[in-house]
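Overview (structure and organization)
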Amino acid sequence: MSAPYKTLRREASDEVVINKSRFIGYACPCQTEEEALAFLQRIRTKHKDATHNCYAYIIGRNAGIMRYSDDGEPGGTAGLPMMEVLKAQGVVNCCVVVTRYFGGVLLGAGGLVRAYTQGTVIALKAAQVVVMEPSQRYLCEVAYSLWDRVTHALKAMPVQLVGSEFTTAVGFTLLVREKDAEAMLSDLVRLTDGRFEYLLEDESYQAWDANE
């Protein structure tokens with residue numbers, strides 16, 4: 001599989017009021033430019049009475065498509081600062097829209113840049129930046145007598161316990177980064193004195209918190 005990349009976990013929004021102007025930041029993961037444009041249109045429709053709906057989006061793991069718009073704000077004060085935030089955080093396959101309701105106080109060029117930057121930052125924070133990493137899902141099984149030992153060990157491992165089932169033995173599903181799989185499996189085999197059965201179920205990109 002290819003290298004990891006950063007994107008957003010979910011669609012989310014947040015807002016801030018700056019000198020009486022209301023700025024609402026929306027962020028959404030998008031796999032294609034069509035999805036980004038559809039998200040943009042949805043926000044424009046929702047806020048058709050807003051003063052501006054500025055946006056920036058990056059599509060492609062290699063950031064092959066990058067678009068932004070000031071939507072009537074002075075040139076370079078909205079879309080470009082928003083794009084710079086996306087680039088600085090290294091996220092792709094996402095779209096951010098910052099909606100502004102003018103409050104009657106002019107912010108000036110510098111003030112606008114800071115406001116749209118902040119609107120983008122809070123939107124990304126709400127949507128949560130994640131790392132999409134090549135991952136593997138394993139179907140596992142151990143005897144009941146080993147289950148407590150295994151669960152205790154898993155808490156210290158870079159792995160997600162997806163689910164468990166208690167029948168004649170304990171069956172459970174583990175999700176692990178591809179790069180961590182070999183060490184995790186070796187540790188569990190050693191921990192159980194070889195009484196640990198596992199089967200690779202699938203391989204895919206999965207979202208992991210950036211600090212995990």
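What this report covers is the structure whose coordinates are included nearby. Owing to the predicted nature of the structure, the values given are computational and were not obtained by experimental measurement. (Residues numbered from 1 in each chain as written. Predicted model: local features only at pLDDT ≥ 70, side-chain atom pairs only at ≥ 80, totals over all residues. Heavy atoms only, no water.)

What follows covers the pattern of salt bridges. Summed over all chains, the structure comprises eleven salt bridges. The salt bridge partner of glutamate 84 is lysine 87, with a shortest N-O separation of 3.5 Å. Residue glutamate 84 and its partner lysine 87 are located together in helix H2 (residues 79-89), separated by three residues, close to a single helical turn. Look at glutamate 84 and you get partly exposed, because its relative accessible area is 38%. Among the residues examined, lysine 87 registers a relative accessible area of 44% and is labelled partly exposed. Taken together, the shared-partner salt bridges connect Glu133, Arg177, Lys179 and Asp180 into one network. (Salt bridge = Lys/Arg side-chain N within 4 Å of Asp/Glu carboxyl O. Helix = DSSP H or I, 4+ residues; strand = E, 2+ residues; numbered from the N terminus. Buried < 20%, exposed > 50% of the residue type's maximum accessible area, 1.4 Å probe, protein only.)

Right, let's talk about the packing of aromatic side chains for a bit. Enumeration according to the criterion identifies nine aromatic pairs in this entry. Between phenylalanine 23 and tyrosine 116, the ring centres sit 5.2 Å apart and the planes meet at 85°, which makes this aromatic pair edge-to-face. Of the two residues, phenylalanine 23 is situated in strand S3 (residues 21-29) and tyrosine 116 in helix H3 (residues 108-127); the sequence distance between them amounts to 93 residues. Considered together, phenylalanine 23 and tyrosine 116 belong to a single accessibility category, that of buried residues. By way of ring pairs, the aromatic residues Tyr138, Tyr144, Trp147, Phe166, Phe172, Phe196 and Tyr198 are connected into one cluster. Taking the ring centre of tryptophan 208 as reference, the NZ or CZ of arginine 177 above it sits at 4.3 Å. (Phe/Tyr/Trp six-rings, centres within 6.5 Å; stacked < 30°, edge-to-face > 60°. Lys NZ or Arg CZ within 6 Å of the ring centre and 35° of its normal.)

To continue, consider the nonpolar core. Formed by 31 residues in total, the largest nonpolar core has its most connected members in Leu86, Val96, Tyr116 and Leu124. Counting only elements with at least two residues in this core, the list comes to strand S1 (5-8), strand S2 (12-18), S3, strand S4 (52-59), H2, strand S6 (94-101), H3 and strand S7 (129-142). In terms of residues, this core owes the most to one element, H3, which gives seven residues. With sequence-adjacent residues up to four places away left out, leucine 124 is seen in contact with Leu8, Ala27, Val85, Leu86, Gln89, Val96 and Val129. (Core = buried A, V, L, I, M, F, W, Y, C linked by side-chain atoms within 4.5 Å. Contact = heavy atoms within 4.5 Å.)

The next thing to look at is helix H5 (residues 178-191). With 14 residues, H5 extends 20 Å from end C-alpha to end C-alpha; this agrees with the ideal 20 Å at 1.5 Å per step. Buried residues of H5: Asp180, Ala181, Met184, Leu185 and Leu188, and no others. End-on view of H5: buried residues confined to an arc of 135°, all on one side of the axis. Facing away from the buried side of H5, by more than 90 degrees, are the exposed residues Lys179, Glu182 and Arg190. Buried residues in H5 make contact with S7, helix H4 (144-154), strand S8 (159-166), strand S9 (170-177) and strand S10 (197-209). Trailing H5 by a residue or two, aspartate 193 shows a phi angle of about 55°, which is positive. (Expected span 1.5 Å × (residues − 1). Arc of directions from axis to C-beta.)

Their axes nearest at 8 Å, the elements H2 and H3 cross at an angle of 40°. Taken together, the axes of H2 and H3 lie oblique to each other. Crossing handedness for the pair H2 and H3: right-handed. Contacts from Pro81, Met82, Val85, Leu86 and Gln89 of H2 reach H3 at Val113, Tyr116, Thr117, Thr120, Val121 and Leu124. Grouping the amino acids of the contact of H2 with H3 by side-chain chemistry returns eight nonpolar, three polar and no charged. (Axes fitted to C-alpha atoms, helices over the stretch in contact; angles between N-to-C directions. Parallel < 35°, antiparallel > 145°, perpendicular 65-115°, else oblique. Left-handed = near helix turned anticlockwise from the far one by under 90°. Nonpolar A, V, L, I, M, F, W, Y, C, P; charged D, E, K, R; others polar.)

With respect to topology, five strands assemble into an open sheet ordered S2-S3-S6-S4-S5, the strand pairing being antiparallel. Either end of the sheet is taken by a strand with one partner, and the two such strands are S2 and strand S5 (65-69). For this sheet, the mean angle separating the axes of adjacent strands, direction not counted, is 15°. Relative to S6, S4 is paired through seven bridges, and the arrangement is antiparallel. Bridge pairing in S6 links tyrosine 55 to valine 97. (Pairing = 2+ DSSP bridges.)

Another aspect to go through is the environment of leucine 200. Looking at the element boundaries, leucine 200 is found in strand S10. Overall, the relative accessible area of 37% leaves leucine 200 in the partly exposed class. For leucine 200 and valine 170, which are 30 residues apart along the polypeptide, the C-alpha to C-alpha distance reads 17 Å. Those residues within four positions of leucine 200 in sequence are excluded, and the remaining contacts are Gln136, Arg137 and Tyr138.

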